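# Observations on the three-dimensional arrangement
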Amino acid sequence: MKPKTSYGKIGIICVLFLTMCFLPGCQSAPDKTDTDKGESIEKILASAQYVSLSEAKEQVEKLKGKKIDGLYFPEQIQMPDVQSVSEVKLTPYHWEDENDMIQAIRTLWRDYNSVNWKTVKEKILTRKSDSAYFAKEKTDKKTKFHYGYDTSGFFSADSIVVSGTELDVSSCVAEYDFEWGDTASGTAIYPMEDGEVSVPDAVEYTERELNKYLSPIEKNQFTYKIQHLYVMKNPDTGFHDYKMVIGRVYKGIALDTSANFNLPAGSYYDKVHSGAHIVAIMRHRQSLDSIINGTESLEIGEESEKDTVISPFWAVRQIDREIAHVNGLRFEDCGLVYLLVQKNPNVKDKEQGVYGEVDDTTYLRPMWVFMSEGGTNDFASRTKDYHGNSALVDALDGTLYYYMDTGAY
């Protein structure tokens, strides 16, 4: 367990010197005179540009815990046990059966059966620009409990957020980043409103239920894993919530849950990068009091499988050569993951945009990610799943992207 310091996108305010450091045009590494740089990049990271997944795994093992030329790597680096990766073109989501969505909400959400929904008026929303689109939602006036879904695969079933009793990370007393190597023992037990439950038991229950009832919504193309878990203590009651950030896994590789990767004003790439997350809250034993998929569901289109990737050593050499790090870069979360990649919609305005809905430029692409600790946020975020300086190297073509941070949610 290690400490780290939408629902919506946030604005980025950046002082002048930070902007100068991050402009893509200012990424040439300066001459390094610091004698405490560790071993030379060129000496120990000799590698072909492309390697097999097995060789990549061996290289990752050699990077763990190392300091190389002012670049610091963590003791844990995520490397899935796979023999191939895929470039996956996504296609706009269309459900096969609306009843799958209703069944998922009914079975996953604890409070569905606490309200007679037949007596609650249903609100239907449509779009003039898309005659096939509709959204349905119901809110019980007495309890404020709410559920809704739409044809793009968004869904929300909640009795916590709508009641105003959601706890933010200021109430966090323990944090588990399973994506980055954390584990939880059976002795990690916390009292909830109706009894105690251990972190492993909460994880096992939630993942089992999601993989049983959520998978049909996304046509059984993904499995679901809890990437991050926050234990939140209510200071008034002494009871705890488990807030869980759920990620998708595609053929053994996790789709990261980060929000959009950001650049300072005035700099941009031709692509935008983001993760995708689902957030669930367990306030009562072995049940979910809230589950919200704040974006659309995902659907696989065309796929091209590859049995070689950009070498991790080669990726690190590119970071060393192209990103200024005179005072060193300390990475906290590293590894091979999928990210959502999409054409930047704001290129014409010379601005970095944000990920939107799936269009004909949207892909899942494997990326080597090297992400620094996120620091602090100026508002009460609901999770700590955000990062600071982040170097992304496309594992298929080697393109390097250097971002200031990721958004919070």
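Structure report, in brief. (Residues numbered from 1 in each chain as written. Predicted model: local features only at pLDDT ≥ 70, side-chain atom pairs only at ≥ 80, totals over all residues. Heavy atoms only, no water.)

## Points about the overall build of the protein chain
Looking only at helices and strands, the protein chain has six helices and 26 strands in total. Here the protein chain holds 409 residues, and the buried ones make up 53% of them. Working note: accessible area of the protein chain is about 18000 Å², and carbon and sulfur atoms make up 48% of it. (Helix = DSSP H or I, 4+ residues; strand = E, 2+ residues; numbered from the N terminus. Buried < 20%, exposed > 50% of the residue type's maximum accessible area, 1.4 Å probe, protein only. Areas by Shrake-Rupley, 256 points an atom, 1.4 Å probe, with all protein chains shown as cover.)

## Here we look at the packing of aromatic side chains
Tallied over the full model, the rule gives 18 aromatic pairs. When the ring centre of Tyr133 is taken as origin, the NZ or CZ atom of Arg127, which lies over that ring, is 3.8 Å away. Against the face of Tyr72 rests Arg330, its NZ or CZ located 4.1 Å from the ring centre. (Phe/Tyr/Trp six-rings, centres within 6.5 Å; stacked < 30°, edge-to-face > 60°. Lys NZ or Arg CZ within 6 Å of the ring centre and 35° of its normal.)

## Quick word on empty space enclosed by the protein
Of the volumes computed, that of the largest cavity is approximately 30 Å³. The wall of the largest cavity is formed by Val60, Leu63, Ile77, Pro312, Cys334, Gly335, Trp368, Val369 and Phe370. Of all the secondary structure elements, the ones that give two or more residues to the lining of the largest cavity are α3 (53-63), β22 (333-343) and β23 (363-373). Element by element, the count of residues in the lining of the largest cavity is highest for β23, at three residues. Tallied by class, the residues present in the lining of the largest cavity amount to eight nonpolar, one polar and no charged. (1 Å grid on protein atoms, 1.4 Å probe; cavity = no way out; pocket = protein on both sides within 12 Å on 5 of 7 lines; lining within 4 Å. Points joined across faces, edges and corners; volume = space filled by probe spheres on them. Nonpolar A, V, L, I, M, F, W, Y, C, P; charged D, E, K, R; others polar.)

## A look at the pairing of strand β9 (residues 172-177)
Moving residue by residue along a regular strand, the side chains alternate between the two faces of the sheet. For β9, a buried count of five out of six residues is recorded, marking the element as mostly surrounded by other parts of the structure. When β9 meets strand β12 (residues 223-233), the two strands line up antiparallel, connected through five bridges. Bridge assignment links Ala174 to a residue of β12, and that residue is Val231. (Pairing = 2+ DSSP bridges.)

Remember that the coordinates give geometry; whether it matters functionally is a separate question.
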